[in-house]
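So the chains spell out like this:
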Amino acid sequence: MSITISYCRRYWKQLSTGTKLIALCLICIWVLSKAFIVMCKWSEGPSYQPCVEYIDHMCAEFSRHRISGNLCTELCHNTSAERFHCEHNSRSEKKVIVYIKDEDTKLVLKSGAYTSWDSVAKNYTSIKTLRPLVLSKDSLVEKLYSKFRQYFLNNETFGRFVSHLDVNSHNVLGAAVSGESLLQQDEYITSMNYQSKEVVPGLRGVCGNFYVSDYTPTDGALLTNRPGAGWPWRSVGEWKNRRTVAIRLLELAERLDNNDLLLCDVKGDNFGVLEDGKIAVLDSDTLFTRTVLGDVLKEDTCSSDSDCSFWDCHGTCDQKSWKCSTSLANTNFQMICSKIFRHDPSNGYHGILEDVPAKWQTTIWKEIRYCKRWRLSIKKSRNHLYNLRKALLHDQILG
């Protein structure tokens, strides 16, 4: 190695000044081209790779009646590698597969749990006869209802779950395996329960342990690696886009409040745009009702309020019992405001409402300066939400 370096140094000294300049220019061009390629890949969003092996396994199980689902037949009709792509996500063990149905339609398959055939079948089989205890769709539905009814908001939601399983006389145990796999996944349950509330993407159905929802891409204004994110925002068109995204996020916060829901993991790539322009939560396994989250936190001991936090949802510490109280210290508006609207490490210090036209700076700052104030009442938080949305809508009308 040292001989090679010594030879290169002697050879470099022998080159003329002009040749050295040309060589340095070529090196610079090569480095810049590599950097440009990397930046382009970042700006494209999630990277994908063919992952048809997951689909092949799913369809093999379906053909043996070991799983079921209302979308199995469609998904297994054409399993060409070009139709299925895995999304890389190092932060989660959840499998996310983009399914290209046709030129105009993409769907997303997700799975974060898998229940084996053997572990479920033994619960539905007689120890003495080794024959299935569940012999009909009705008996399976009754058993699932008695075991999992507390997971669903109402009987209508449970009915949709049963329709997803697509139970028939040939796949009763397969439906049991699929049902138990799905009901281990919080995101599927939340998506089922809040389909009509416009806070999560549309849920199309299931196949085995995979649930299938509408493809909802993240708006470019919410990506920290978007092109030009580190440059001053002076474009009128760019401000209009950020303003629209902010309005849609405020509308989402209001819908979450109306359903007593809190989003505890607030980051730009956790929001997707629905077909009608509304914004929805992509990873809904971090959506909780205030009551459920309060009950979870109250079991913890604490020495300060910071000990009573669950991701971005902050609780309060009871100074008498030194246990977390059931009351929470921040709201959906505050979390979205502090993590998306304001500069924050999580958004690369590019809050979408920090650099605004001069005529709106005072009005907008008046509402977003309370983002990180703990123990802001729900009423006051809603007032700031309404006032901020009113200002942004007024600016939108003025153009």
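The model shown is predicted, which means the values in this text are computed figures rather than measured ones. (Residues numbered from 1 in each chain as written. Predicted model: local features only at pLDDT ≥ 70, side-chain atom pairs only at ≥ 80, totals over all residues. Heavy atoms only, no water.)

A. Representation of the overall build of the chain within the structure. From N to C terminus, the chain includes 14 helices and 13 strands. Counting over 399 residues, the chain shows a buried share of 43%. Once local pairs closer than 6 in sequence are excluded, the contacts in the chain between residues at least 24 apart make up 65%. A total of about 22000 Å² of accessible surface is found on the chain, and carbon and sulfur atoms cover 54% of it. (Helix = DSSP H or I, 4+ residues; strand = E, 2+ residues; numbered from the N terminus. Buried < 20%, exposed > 50% of the residue type's maximum accessible area, 1.4 Å probe, protein only. Contact = heavy atoms within 4.5 Å. Areas by Shrake-Rupley, 256 points an atom, 1.4 Å probe, with all protein chains shown as cover.)

B. Structural context of helix α6 (residues 137–148). With 12 residues, α6 should cover 16 Å at 1.5 Å per step; its first-to-last C-alpha distance of 16 Å lies within 8% of that length. All of the buried residues in α6 are Leu140, Leu144 and Phe148. The buried residues of α6 occupy an angular sector of 40 degrees when projected down its axis, which confines them to one face. The exposed residues of α6 that point more than 90 degrees off its buried face are Asp138 and Glu142. On the buried face of α6, the contacting elements are α7 (155–165) and α8 (172–182). (Expected span 1.5 Å × (residues − 1). Arc of directions from axis to C-beta.)

C. Summary view of the packing of aromatic side chains. For the coordinates displayed, the defined rule picks out 10 aromatic pairs. Centroid distance Phe84 to Tyr99: 5.0 Å. Interplanar angle 15 degrees. Geometry classified as stacked. Residue Phe84 is located in strand β2 (residues 84–87), and its partner Tyr99 is located in strand β3 (residues 95–100); the two are separated by 15 residues in the primary sequence. Just as Phe84 is buried, Tyr99 falls in that class too. (Phe/Tyr/Trp six-rings, centres within 6.5 Å; stacked < 30°, edge-to-face > 60°.)

D. Here's a closer look at the state of the cysteines. Under the defined criterion, the tally for this structure stands at 6 disulfides. Here Cys264 is linked by a disulfide to Cys313, with a sulfur-sulfur distance of 2.1 Å. Every disulfide takes its handedness from the sign of the S-S torsion; for Cys264 and Cys313 that torsion is -95 degrees, giving left-handed. Remark: Cys313 occurs in strand β12 (residues 313–318) and Cys264 occurs in the loop between β7 (261–263) and β8 (271–273); sequence separation between them is 49 residues. Judged on exposure class, the residue Cys264 and its partner Cys313 are both buried. Shown here is the disulfide that connects Cys308 with Cys324, its sulfur atoms set 2.0 Å apart. Given an S-S torsion of about -90 degrees, the disulfide between Cys308 and Cys324 has left-handed geometry. With Cys308 in the loop between α11 (290–297) and β11 (309–310) and Cys324 in strand β13 (residues 323–328), this pair connects stretches of sequence that are 16 residues apart. Given the relative accessible area of 4%, Cys324 is considered buried. (Disulfide = S-S within 2.5 Å.)

E. Looking closely at the pattern of salt bridges. Counting across every chain of the model gives 22 salt bridges. Taking the shortest distance from any N to any O, the salt bridge between Arg243 and Asp395 comes out at 2.8 Å. In this pair, Arg243 sits in helix α10 (residues 236–258) while Asp395 sits in helix α14 (residues 378–398), placing the two residues 152 residues apart along the sequence. Considered together, Arg243 and Asp395 belong to a single accessibility category, that of buried residues. (Salt bridge = Lys/Arg side-chain N within 4 Å of Asp/Glu carboxyl O.)

F. Local environment of the side chain of His384. Among the secondary structure elements, His384 is positioned in helix α14. On the basis of relative accessible area, His384 is assigned to the buried category, the value being 13%. Ignoring sequence-local partners within four residues, the contact set of His384 consists of Phe333, Lys366, Glu367, Tyr370 and Leu376.

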